[in-house]
Amino acid sequence: MDVSILSPVSALIGTLIGGGASLSAAIYTQRYQNRLQRVAGEIAKRETVYADFVINASSLLLKAYVRDEIAMGGEEQRLTGLINRMRLFAPPDVIKGAEAVLRAIVEISLNPAIEVRRLAREALSDSLDPDELLSFSLICRADLDNILRTTM
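Definitions and limits used
- Residues numbered from 1 in each chain as written.
- Predicted model: local features only at pLDDT ≥ 70, side-chain atom pairs only at ≥ 80, totals over all residues.
- Heavy atoms only, no water.
- Axes fitted to C-alpha atoms, helices over the stretch in contact; angles between N-to-C directions.
- Helix = DSSP H or I, 4+ residues; strand = E, 2+ residues; numbered from the N terminus.
- Left-handed = near helix turned anticlockwise from the far one by under 90°.
- Contact = heavy atoms within 4.5 Å.
- Nonpolar A, V, L, I, M, F, W, Y, C, P; charged D, E, K, R; others polar.
- Salt bridge = Lys/Arg side-chain N within 4 Å of Asp/Glu carboxyl O.
- Buried < 20%, exposed > 50% of the residue type's maximum accessible area, 1.4 Å probe, protein only.

> Would you take a moment to explain the packing of helix α1 (residues 3-66) against helix α2 (residues 74-86) for this structure?
Packed helices, taken two at a time, are described by their axes: the angle between them and the distance between them. Relative orientation of the contacting elements α1 and α2 amounts to 145°, with a least axis distance of 10 Å. α1 and α2 meet at a crossing whose hand is left-handed. On α2, the residues that touch Val-49, Tyr-50, Asp-52, Phe-53, Asn-56, Ala-57, Ser-59, Leu-60 and Lys-63 of α1 are Glu-75, Glu-76, Arg-78, Leu-79, Leu-82, Ile-83, Arg-85 and Met-86. The class makeup of the residues in the contact of α1 with α2 is 9 nonpolar, 2 polar and 6 charged.

Here it is as structure tokens:
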């Protein structure tokens, strides 16, 4: 091999290796950023649906305690719709938790209404049944934490 060609060939190979490494790093960084954006979007979507469910269920739970009538109005339909929406992306334990909340609301609705003061007194004395919404919230928190854990 000619010595005069060796220096330019070495420079060319070094440039190719350096450029390839830089390109690989840029591709890896871009993919990682895209993945983080997808995960952030998934978390935001789940948080929104979970929060909407908790807000609607809280309202229905209070109404179930203080009203005697059972109705299938807009709030009840929205709660059922949120459960069906969760079925599109949420893990089975989240769905079971949401269904347990809905079941608890129906069971409470079947009982006679209680006065708001008595409800407040019982809530302060911890004599109410276990809060299904608390269980649901903990399951949702674990789901969101799991998404973060699997991406890191």
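> Is there a simple way to explain the pattern of salt bridges in this structure?
Opposite charge on two side chains permits pairing when their charged atoms draw close. Summed over all chains, the structure comprises 7 salt bridges. A salt bridge links Glu-42 to Lys-45; its shortest N-O distance comes to 3.1 Å. On the criterion of helical spacing, the pair formed by Glu-42 and Lys-45 is a turn pair, its members being 3 residues apart in helix α1. Note on Lys-45: relative accessible area 32%, which makes it partly exposed. Note that Glu-75 and Lys-63 form a salt bridge whose closest N and O atoms lie 2.5 Å from each other. Taken together, the residues span a long stretch of sequence, with Glu-75 in helix α2 and Lys-63 in helix α1 at a distance of 12 residues. Judged by relative accessible area, Glu-75 falls into the partly exposed class, the value being 27%. In this structure, a network of salt bridges that share partners links the residues Glu-42, Lys-45, Arg-46 and Asp-143.

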